[in-house]
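# Chain and residue survey
Each chain, written out:
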Amino acid sequence: MSQQDAPQPGQSGPQPAKKRSVGRIAGLGCAGVIGLVAVIGIAGSMGDPDNASGPGTKDKAIAADSKARTENERRTGEPSSTQAEEFQDCVGESGTATEKKAAQHITKVTGADRRNDILDSAEVFTDFSGGMMGPHQGEGKLIASAFASCYESDNGLVTVYDKDGEVLANANY
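Residues numbered from 1 in each chain as written. Predicted model: local features only at pLDDT ≥ 70, side-chain atom pairs only at ≥ 80, totals over all residues. Heavy atoms only, no water.

### Notes on the sheet that holds strand β2 (residues 120–126)
As a reminder, the rule being used: For two strands to count as paired, DSSP must find a minimum of two bridges between them. A helix here means a DSSP run of H or I that spans at least four residues, while a strand means a run of E at least two residues long, and both kinds are numbered starting from the N terminus. Inter-axis angles, ranging from 0 to 180 degrees, are taken between N-to-C directions of lines fitted to C-alpha atoms, where helices are fitted over the stretch in contact.
Spatially, the four strands line up as an open sheet ordered β1-β2-β3-β4, and their pairing is mixed. In this open sheet, the two strands that pair with only one neighbour each are β1 (106–110) and β4 (167–172). Ignoring which end each strand starts from, the neighbouring axes of this sheet average 15° apart. With four bridges connecting them, β1 and β2 associate as antiparallel partners. Among the inter-strand pairings, isoleucine 106 is bridged to a residue of β2, identified as threonine 126.

Below is the structure:
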């Protein structure tokens, strides 16, 4: 028996290789998948020139919108209507009497002009007060319902706010 084969004092024989734990391997695999998805998402958003996110895009959208309005005003000779006015006109044409009365309290509408049918989000601001549990909750629901009648999206959500920015109601459209 050679010296290498002989067990050393305190050892009982050759040591088997350590096994890796299944949890550690699964955790590293999941972390790799998550990292890959994040890298693909970042690369995809940076490569899309029509992407509306990123620094300065809000200013570009506002500038483009005001430029389009100015051209429209020059052509027609009258000022363009705002999203709130367009929505109120729609409610005036096809809404019920109670919807028309509630629509008179609309002060601002945002997001109604941009729809991609993936995750559309519109906001309607009113001069009501009290929030979701206040006295104007019913009018908020009427406005949300009227919005769903006027605009169409595969996956849209409209939120109606009171004058303090509290949610009155929301609905899918």
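There is more to say after this.
### Things to note about the packing of aromatic side chains
Ring pairs (aromatic) are described by centroid distance and by the angle formed between their planes. Put simply, the rule reads: Stacked, edge-to-face and tilted are the three classes for Phe, Tyr and Trp ring pairs, Trp counted by its six-membered ring, which pair at centre distances within 6.5 Å; planes under 30 degrees apart are stacked, over 60 edge-to-face, the rest tilted. Think of it in three bands: with a 1.4 Å probe and only protein chains considered, a residue is buried below 20% of the maximum accessible area for its type, exposed above 50%, and partly exposed in between. In this scheme, Lys NZ or Arg CZ marks a charge over a ring once it lies within 6 Å of the ring centre and within 35 degrees of the ring normal.
This model, assessed by the stated rule, comprises five aromatic pairs. Taking 5.2 Å as the distance between ring centres and 65° as the angle between the ring planes, the aromatic pair formed by phenylalanine 87 and phenylalanine 147 counts as edge-to-face. Within this pair, whereas phenylalanine 87 is found in helix α3 (residues 83–94), its partner phenylalanine 147 is found in helix α5 (residues 137–150), the two being separated by 60 residues in sequence. Here phenylalanine 87 falls in the buried class, since its relative accessible area comes to 0%. For phenylalanine 147, a relative accessible area of 0% translates into the label buried. Here the aromatic rings of phenylalanine 87 and tyrosine 151 are separated by 6.1 Å at their centres, their planes lie at 45°, and the arrangement is tilted. Taken together, the positions of phenylalanine 87 in helix α3 and tyrosine 151 in the loop between α5 and β3 (156–161) put the pair 64 residues apart, joining distant regions of the chain. These aromatic residues form a ring-pair network of at least three members: Phe87, Phe147, Tyr151 and Tyr173. Above the plane of the ring of phenylalanine 125 lies lysine 108, whose end atom (NZ or CZ) is 5.8 Å from the centre.

### Points about the side chain of serine 153
Heads up, the rule is: Contacts described as polar in this section are N or O atom pairs within 3.5 Å, which, within protein, must combine one atom able to donate a hydrogen with one able to accept it, while residues neighboring in sequence count only if both atoms come from side chains.
With respect to the helices and strands, serine 153 occurs in the loop between α5 and β3. We classify serine 153 as buried; its relative accessible area is 9%. Within the structure, serine 153 has its side chain in polar contact with the backbone nitrogen of glycine 156 (distance 3.3 Å).

### Side note on the nonpolar core
Rule in force here: We call a set of buried residues a nonpolar core when its members are Ala, Val, Leu, Ile, Met, Phe, Trp, Tyr or Cys and they connect through side-chain atoms within 4.5 Å of each other. Only heavy atoms enter the contact rule, under which two residues are in contact if any of them lie within 4.5 Å.
Counting 20 residues, the largest nonpolar core has Phe87, Ile106, Val109, Val124, Ile143, Phe147 and Val158 as the members making the most contacts within it. When contributions to this core are tallied by element, the ones reaching two or more residues are α3, α4 (97–103), β1, β2, α5 and β3. For this core, the element with the most residues is α5, which contributes four residues. When residues no more than four places from it in sequence are discounted, the contact partners of isoleucine 106 are Ala84, Phe87, Gln88, Val124, Phe125, Thr126 and Ile143.

### Points about α3
Rule in force here: In this analysis, the expected span of each helix is defined as 1.5 Å times one less than the number of residues it contains. Along the arc lie the directions from the helix axis toward the C-beta atoms.
With 12 residues, α3 ought to run about 16 Å at 1.5 Å a step, and its terminal C-alpha atoms sit 17 Å apart, in line with that. Listed in full, the buried residues belonging to α3 are Gln83, Ala84, Phe87 and Val91. For α3, the buried positions fall inside an angular range of 100° around the axis, keeping them on one side. The elements touched by buried residues of α3 are α4, β1, β2 and α5.

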